[in-house]
Amino acid sequence: MILHGYWRSGTSYRTRIALNLKGLTYAQAGVDLRTGAQRSDAFRALNPQGLVPALEVGADDGGPAVLTQSPAILEWLEEAFPTPPLLPAAALDRAQVRAMAALIGCDIHPLNNLRVLTVLRTTFGADQAAVDAWAAGWIAPGFTALEALVARHGGAWCFGDAPTLADCHLIPQIYSAGRFGVPVEAWPRLAAIAARAADHPAFAAAHPDRQPDADPAA
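Just so it is clear, the structure is predicted and the values come from calculations on it, not from any experiment. (Residues numbered from 1 in each chain as written. Predicted model: local features only at pLDDT ≥ 70, side-chain atom pairs only at ≥ 80, totals over all residues. Heavy atoms only, no water.)

*Asks:* Sorry, what's going on with the nonpolar core here?
*Replies:* In globular proteins that are soluble, nonpolar side chains generally tend to be buried together. Counting residues in each nonpolar core, the largest one holds 61 residues, and the members touching the most others are Phe143, Leu170, Ile171 and Leu190. No other element matches helix α7 (residues 165-179), which puts 8 residues into this core. Setting aside residues up to four positions removed in sequence, Ile171 forms contacts with Tyr13, Ile17, Ile193, Ala194, Ala197 and Phe203. (Core = buried A, V, L, I, M, F, W, Y, C linked by side-chain atoms within 4.5 Å. Buried < 20%, exposed > 50% of the residue type's maximum accessible area, 1.4 Å probe, protein only. Helix = DSSP H or I, 4+ residues; strand = E, 2+ residues; numbered from the N terminus. Contact = heavy atoms within 4.5 Å.)

Here it is in structure tokens:
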């Protein structure tokens, strides 16, 4: 498998976490969003939407195919490689985990990704303080809701005592929150999960700073 992504992309980050939790081997191909590489003809041949990630699946893993949209990729990984599971056994429990993941993937992340922030800066003249305030305005209420759901369903992780798809979504969003000056300590349950993830090999290996295309100066 080849993961085409960007080191600091939240969707690429969550995909790396899931691949690592499944214990899968994959190569990485960097797509530099800052230079517009995602809009190149070569990349659009893989993903016509021009977004990361794109996962090339080889014949050994059921391909050839190119998978796009991180929620679909994560669901495919769960179906194709069910051990260890990233969704609980019971249908209602799976729905709760998917709801937590969607809270982040649908209602927080899209509003503070690069495309939206670029429009804020170029079309509406937002400075960095305004951009940070915009991002915080979506992150904070989302984290508050997720904190309540973790209080209801969580254990060591977002749901129960093993990582799930919800944690794959949460940890990249916490990383992003830090970039916008939103301290996770305001949500103690989420902060505890973040601390646990920092010591977990699969999460640690997926961290943006440890990727081959990471740019310390960015």
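*Asks:* When you look at the pairing of strand β2 (residues 27-30) in this model, what are you seeing that I'm missing?
*Replies:* The side chains of a regular strand alternate between both faces of the sheet. Two elements, strand β1 (residues 2-5) and β2, share 4 bridges in a ladder whose sense is parallel. Considered in β2, the bridge of His4 is made with Ala29. Note that the unit made of β1, helix α1 (residues 10-21) and β2 has a crossover that is right-handed. (Pairing = 2+ DSSP bridges. Right-handed = clockwise from strand over helix to strand, strands pointing away.)

*Asks:* Sorry, what's going on with the pattern of salt bridges here?
*Replies:* In a structure, side chains of opposite charge can pair up when their charged atoms sit close to one another. On inspection of all chains with the given rule, the structure shows 5 salt bridges. For the salt bridge of Glu78 with Lys22, the shortest nitrogen-to-oxygen distance reads 2.6 Å. In this pair, Glu78 sits in helix α3 (residues 70-80) while Lys22 sits in the loop between α1 and β2, placing the two residues 56 residues apart along the sequence. The class of Glu78 is buried, set by a relative accessible area of 12%. One salt bridge in this structure joins Glu147 and Arg189, with 3.7 Å as the shortest N-O distance. Here the residue Glu147 occupies a position in helix α6 (residues 128-153), and Arg189 occupies one in helix α8 (residues 188-198), the gap between them amounting to 42 residues. (Salt bridge = Lys/Arg side-chain N within 4 Å of Asp/Glu carboxyl O.)

*Asks:* Any chance you could explain the packing of aromatic side chains here in plain terms?
*Replies:* What characterises a pair of aromatic rings is the spacing of the ring centres plus the angle enclosed by the ring planes. Here the structure, examined in full by the defined rule, presents 6 aromatic pairs. Between Trp134 and Trp138, the aromatic rings sit 5.5 Å apart at their centres with planes inclined by 70°, giving edge-to-face as the arrangement. Of this pair, Trp134 and Trp138 both sit in helix α6, separated by 4 residues, roughly a single helical turn. Where Phe143 meets Trp187, the ring centres are 5.3 Å apart and the plane angle is 85°; that geometry is what we call edge-to-face. Of this pair, Phe143 sits in helix α6 while Trp187 sits in the loop between α7 and α8; the two residues are 44 residues apart in sequence, bridging distant segments of the chain. Summarising the burial analysis for this pair, Phe143 and Trp187 share the class buried. Sitting over the ring of Phe180, Arg179 keeps its end group 5.8 Å from the ring centre. (Phe/Tyr/Trp six-rings, centres within 6.5 Å; stacked < 30°, edge-to-face > 60°. Lys NZ or Arg CZ within 6 Å of the ring centre and 35° of its normal.)

Geometric values such as these leave the question of function open.
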